[in-house]
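The primary structure of each chain is shown beneath.
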Amino acid sequence: LARLGAVDSSIPLVRRWGFWLVSLLIALYVPLLGSYSLSDPWEAHYGEVAREMLARDDWISLWWAQEGWFLSKPVLHMWIQALAFSLFGVRFMPDEMLGAATQGHFPQPEWAARLPVALFAILATYALYRAVAQRFGGRAGFLGGVVLMSVPYWYLLAHQSMTDMPYVAPLS
């Protein structure tokens with residue numbers, strides 16, 4: 001039981017299957033997250049709620065534009081999105097968010113909004129790798145991770161700022 005979940009540190013990092021899986025996930029999931037606009041109407045809704053949290057300095061009351069209270073989804077996704085906006089310096093005041101992106105400021109708001117979701121997907125895929133590798137070996141875990149990351153619906157959820165991945169990934 002002491003070695004349960006332990007990583008063999010005597011093996012160099014570049015010879016570990018998990019390292020290559022995470023590297024592949026980062027290369028495929030992270031760079032182009034901001035290269036297209038918010039595609040689903042809910043992506044824009046969640047982004048606006050996160051922006052309102054920052055602009056109003058109120059992390060408890062979920063508010064959506066001038067419509068009023070936004071109580072249809074759990075708050076976790078909006079919190080992590082607002083944290084990403086803050087961490088990466090996305091301008092959140094009205095009429096500033098997209099203006100900064102047009103002036104070449106990085107990151108684009110879309111990238112910052114989607115990054116936490118992509119990180120959840122990467123962590124969940126790595127959790128699958130670890131579980132399979134523990135029982136069947138590193139190669140089998142790597143292949144299981146590659147299969148999961150290439151499933152179309154998983155790939156889509158990892159690239160949209162939706163509440164699904166923050167819900168599904170911790171369940172993994």
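Our subject is the structure that appears above.
Definitions and cut-offs
One numbering rule holds for all chains: residues counted from 1, following each sequence as written. For this predicted model, a pLDDT threshold of at least 70 governs which residues receive local features, and a threshold of 80 or more governs which side-chain atom pairs are given and counted, while totals over whole chains, interfaces and linings are taken from all residues. In computing side-chain properties, one takes all heavy atoms of the structure into account and sets aside hydrogens as well as water. Numbering of helices and strands runs from the N terminus, with a helix taken as a DSSP run of H or I at least four residues long and a strand as a DSSP run of E at least two residues long. Exposure is judged per residue with a 1.4 Å probe applied to protein chains only, and the accessible area is read against the type maximum: over 50% gives exposed, under 20% gives buried, and values in between give partly exposed. Each accessible area is a Shrake-Rupley result for a 1.4 Å probe, and residues are judged covered by the shown protein chains and nothing else. Remark: nonpolar core denotes a set of buried residues (Ala, Val, Leu, Ile, Met, Phe, Trp, Tyr, Cys) joined through side-chain atoms within 4.5 Å. A contact between two residues is defined here by any heavy atoms of the two lying within 4.5 Å. To obtain each axis, a line is fitted to C-alpha atoms, and for helices this fit is confined to the stretch in contact; angles are then taken between N-to-C directions over 0 to 180 degrees. Each angle is binned into one of four classes, with values under 35 degrees roughly parallel, values over 145 roughly antiparallel, values of 65 to 115 roughly perpendicular, and all other values oblique. Should the near helix be turned anticlockwise from the far one by less than a right angle, the crossing is termed left-handed; should it be turned clockwise, right-handed.

**Description of the overall build of the chain**
Check the secondary structure of the chain and you find eight helices and two strands. Secondary structure of the chain in N-to-C order comes out as α-α-β-β-α-α-α-α-α-α. Within the span of the chain, comprising 172 residues, buried residues form 37% of the whole. Summing over all exposed atoms, the chain offers an accessible surface of approximately 10,000 Å²; the carbon and sulfur share of this is 65%.

**Some thoughts on the nonpolar core**
In this structure, L21, L25, Y29, A121, W154 and M165 are the most contacted members of the largest nonpolar core, which totals 21 residues. Sorting the residues of this core by element identifies α1 (17-29), α5 (109-136), α6 (138-150), α7 (152-158) and α8 (164-171) as the ones contributing at least two each. With nine residues, α5 is the largest single contributor of residues to this core. Setting aside its immediate chain neighbours within four residues, L25 contacts V30, I122, T125 and M149. Among the nonpolar cores identified, the runner-up in size contains 14 residues, and Y46, A50, M53 and A113 belong to it.

**Thoughts on the environment of S37**
Here S37 is to be found in the loop between α1 and α2 (41-56). Residues S37 and P109, 72 residues apart in the sequence, show an inter-C-alpha distance of 9.2 Å.

**Describing the packing of α1 against α5**
α5 packs onto α1 with a crossing angle of 155° between their chain directions and a minimal axis gap of 10 Å. With respect to their mutual orientation, α1 and α5 come out roughly antiparallel. Here α1 runs over α5; the crossing is right-handed. Contacts between α1 and α5 involve W17, G18, L21, V22, L25, I26 and Y29 from the first element and A118, A121, I122, T125, Y126 and Y129 from the second.

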